[in-house]
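# Understanding the architecture of this molecule
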Amino acid sequence: MDFSFSDDLLRWRDHVRHFVRTEVEPLATTLDRDDEFPASLHARLAELGLYGMAIPKDYGGLGLPLLHEAVAIEELSRTNLCVRSRITTNIGIGAMGILYGGSEEQRRCYLPPLARGERLSAFALTEPNAGSDAARIETRAVRRGEAFVLNGRKIFVTNGPHADYFTVFAVTDPAKGAHGGISAFLVERGTPGFTIGKRHELMGLRGSAACELVLADCTVPAANLLGELGQGFRLAMRTLDKGRIGMAAGGLGAAQRLLERMAAEARARRGDGQHLLADCAIECEAARLLLYTTAARMDRGERCSTEASMAKLLATETAWRAADRAIQLFERGACLHENIVERYYRDVRIMRIYDGSSEIQRLIIARALLFA
Ligand SMILES: Cc1cc2nc3c(=O)[nH]c(=O)nc-3n(C[C@H](O)[C@H](O)[C@H](O)COP(=O)(O)OP(=O)(O)OC[C@H]3O[C@@H](n4cnc5c(N)ncnc54)[C@H](O)[C@@H]3O)c2cc1C
């Protein structure tokens, strides 16, 4: 495709690609089978600075542009999507609330250990009665002197079982609704009243680990409020905007890998499945162009919420169709466990749900047109 990469970006892509092929690929099947993230892989990701790609240099990260980050995530996703999930949660939804909303003191305290991979972060918005409509969260935070007391339950918190810092959203003023009535708090593992709950047994993205959180009179210092009181919902939406670029890059990497597998299989079968291949190739190119263009525009400081939604929707739906087509082409072989196509089929299915489902992305895109 004709999207010019600088020499620096090409070097970065090749560096990550080499690491993925030599060190992640050999672990891809075991990660899924064992549903555990090896400490040795964590250590290598930290050593390469991948946990701090998006964190500015002032706070110990690599401070890379979003396009560099997207390209790295695309490469990581060409082998196993749980690695993408762990990293993008740490540098995206888990850390961006601190970067966007945190005070200078909070940034200096929390971001460097996250960037170095010494600590892991998580984002806790979803609740049993509030998923797509996050404005309906029920977790309450009540001010008591120099502290806030949090009560409620969060579910599907990625990185939760291993994370140290959690961005937790709670209602501080029910009368004001989401805009003005929800605040964000930084909650550290080990805070009294904060319990890591049941780990979810996921169909896909195994190895990424998601769990419930229980907040029972969980008392956090008032200094752990992230951003202004009542501005938590806005912070969550801004954080998720950026997260969608990471989702799009993940979808694209998965789709590209599936396309390559399908091409190899079609060659071996002397050309079977040409229509499946052609459709998949067209969609990958479209998803790539939209992703790179949107990331480059965001690097120039442009606000691209709608385009980020389009990129997430297109890339994850492309990955999903690629997985379905690959199963069709490979037939019985792809229905076996430990077949890469079968693993991607389970993994990419989840990408159409989280960080805003496909239906919610369509609503965001349509509303931007209707209310422009
Ligand atoms: C593996 C995994 C990891 C996750 N990680 C995190 C995390 O780290 N932090 C976090 O806070 N959350 C996380 N989530 C939660 C995720 O963001 C939610 O699952 C998602 O927002 C959808 O919410 P829901 O599951 O409650 O579905 P619901 O909101 O109940 O939606 C059910 C269905 O209805 C559709 N729908 C809902 N509203 C509308 C509408 N207005 N118009 C049209 N269709 C609609 C949805 O698209 C969906 O298809 C994770 C989820 C999964 C599966």
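It should be noted that the structure appears before, not after, this text.
Below: a short report on this structure. From a predicted model like this one, the values you see are computed outputs, not experimental measurements. (Residues numbered from 1 in each chain as written. Predicted model: local features only at pLDDT ≥ 70, side-chain atom pairs only at ≥ 80, totals over all residues. Heavy atoms only, no water.)

### Concerning the overall build of the protein
When helices and strands are tallied, the protein shows 13 helices and eight strands. Rg of the C-alpha trace for the protein: 20 Å, near the compact-globule value of 21 Å for 372 residues, within the 12% margin. Looking at the protein as a whole, 58% of its 372 residues are labelled buried. For the protein, long-range pairs separated by at least 24 residues make up 76% of all intrachain contacts whose partners lie at least 6 apart in sequence. For the protein, the accessible surface area stands at approximately 15,900 Å², while carbon and sulfur atoms represent 52% of it. The centroid of the 48 positive side-chain charges in the protein is displaced by 1 Å from the centroid of its 47 negative side-chain charges. (Helix = DSSP H or I, 4+ residues; strand = E, 2+ residues; numbered from the N terminus. Rg over C-alpha atoms; globule rule 2.2 N^0.38 Å. Buried < 20%, exposed > 50% of the residue type's maximum accessible area, 1.4 Å probe, protein only. Contact = heavy atoms within 4.5 Å. Areas by Shrake-Rupley, 256 points an atom, 1.4 Å probe, with all protein chains shown as cover. Lys, Arg positive; Asp, Glu negative; His and termini not counted. Charge placed at Lys NZ, Arg CZ, Asp CG, Glu CD.)

### Some thoughts on the nonpolar core
Counting residues in each nonpolar core, the largest one holds 69 residues, and the members touching the most others are Phe 19, Leu 45, Leu 50 and Val 83. The element contributing the most residues to this core is helix α9 (residues 232–268), with eight residues. Apart from residues lying up to four places away in sequence, Phe 19 is in contact with Val 24, Leu 41, Arg 44, Leu 45, Leu 48, Leu 50 and Leu 76. Ranked by size, the runner-up nonpolar core spans 28 residues in total, among them Leu 259, Met 262, Ala 326 and Ala 334. (Core = buried A, V, L, I, M, F, W, Y, C linked by side-chain atoms within 4.5 Å.)

### Things to note about the site of the ligand
Around the ligand lies a shell of 17 residues, among which Thr 126, Ser 132, Phe 156, Ser 357 and Glu 359 are the nearest. Backbone polar atom of Leu 125 to an oxygen atom of the ligand: 3.0 Å apart, as the coordinates give it. Surface burial for the ligand is 64%, taken as the share of its 970 Å² of free accessible area covered by protein chains. Among the secondary structure elements, those contributing two or more residues to the shell around the ligand are β3 (147–158) and α13 (358–370). (Near = heavy atom within 4 Å. Polar contact = N/O pair within 3.5 Å; in protein donor to acceptor, adjacent residues only side chain to side chain.)

### Here we look at the packing of aromatic side chains
Using the criterion set out here, one finds six aromatic pairs in the structure. The interplanar angle of 50° and the centroid separation of 5.2 Å between the aromatic rings of Phe 5 and Tyr 292 together place this pair among those described as tilted. Placement of the pair is Phe 5 in the segment before α1 (7–24) and Tyr 292 in helix α10 (residues 274–299), with a sequence separation of 287 residues. No difference in accessibility class separates Phe 5 from Tyr 292, as the two residues are buried. (Phe/Tyr/Trp six-rings, centres within 6.5 Å; stacked < 30°, edge-to-face > 60°.)

### Brief notes about unusual backbone geometry
Positioned with a positive phi, Leu 205 is a non-glycine residue whose angle comes to about 50°. Structurally, Leu 205 is set in the loop between β6 (194–199) and β7 (210–221). With relative accessibility at 2%, the residue Leu 205 sits in the buried group.

### Observations concerning the packing of α9 against helix α12 (residues 340–351)
Put simply, α9 and α12 touch, their axes get as near as 11 Å, and they point 155° apart. One element, α9, and the other, α12, form an angle in the roughly antiparallel class. For α9 against α12, the interelement crossing comes out left-handed. Between α9 and α12, the contacting residues are Met 247, Gly 250, Gly 251, Ala 254, Arg 257, Leu 258 and Arg 261 on the first element and Ile 340, Val 341, Tyr 344, Val 348 and Met 351 on the second. (Axes fitted to C-alpha atoms, helices over the stretch in contact; angles between N-to-C directions. Parallel < 35°, antiparallel > 145°, perpendicular 65-115°, else oblique. Left-handed = near helix turned anticlockwise from the far one by under 90°.)

### A short note on the environment of Ala 296
As for its position among the elements, Ala 296 is in helix α10. Residue Ala 296 is classed as buried on the basis of its relative accessible area, which comes to 14%. Considered as a pair, Ala 296 and Pro 65 are 231 residues apart in the sequence and their alpha carbons are 8.3 Å apart.

### A word on the pattern of salt bridges
Under the criterion given, the structure shown has 32 salt bridges. A salt bridge links Arg 44 to Glu 23; the nearest nitrogen and oxygen atoms lie 2.7 Å apart. With a gap of 21 residues between them, Arg 44 in helix α3 (residues 39–47) and Glu 23 in helix α1 connect regions that are remote in the sequence. Among the residues examined, Arg 44 registers a relative accessible area of 24% and is labelled partly exposed. A residue is classified by how much of its surface remains accessible, and Glu 23, at 29% relative accessible area, is partly exposed. Close ionic contact of Glu 285 with Arg 288 constitutes a salt bridge, the shortest N to O distance being 3.0 Å. Here Glu 285 and its partner Arg 288 are both found in helix α10, three residues apart, which amounts to about one turn of the helix. Look at Glu 285 and you get partly exposed, because its relative accessible area is 35%. Among the ionic contacts, a cluster of salt bridges with common partners joins Asp 35, Glu 36, Arg 199, Glu 201 and Arg 206. (Salt bridge = Lys/Arg side-chain N within 4 Å of Asp/Glu carboxyl O.)

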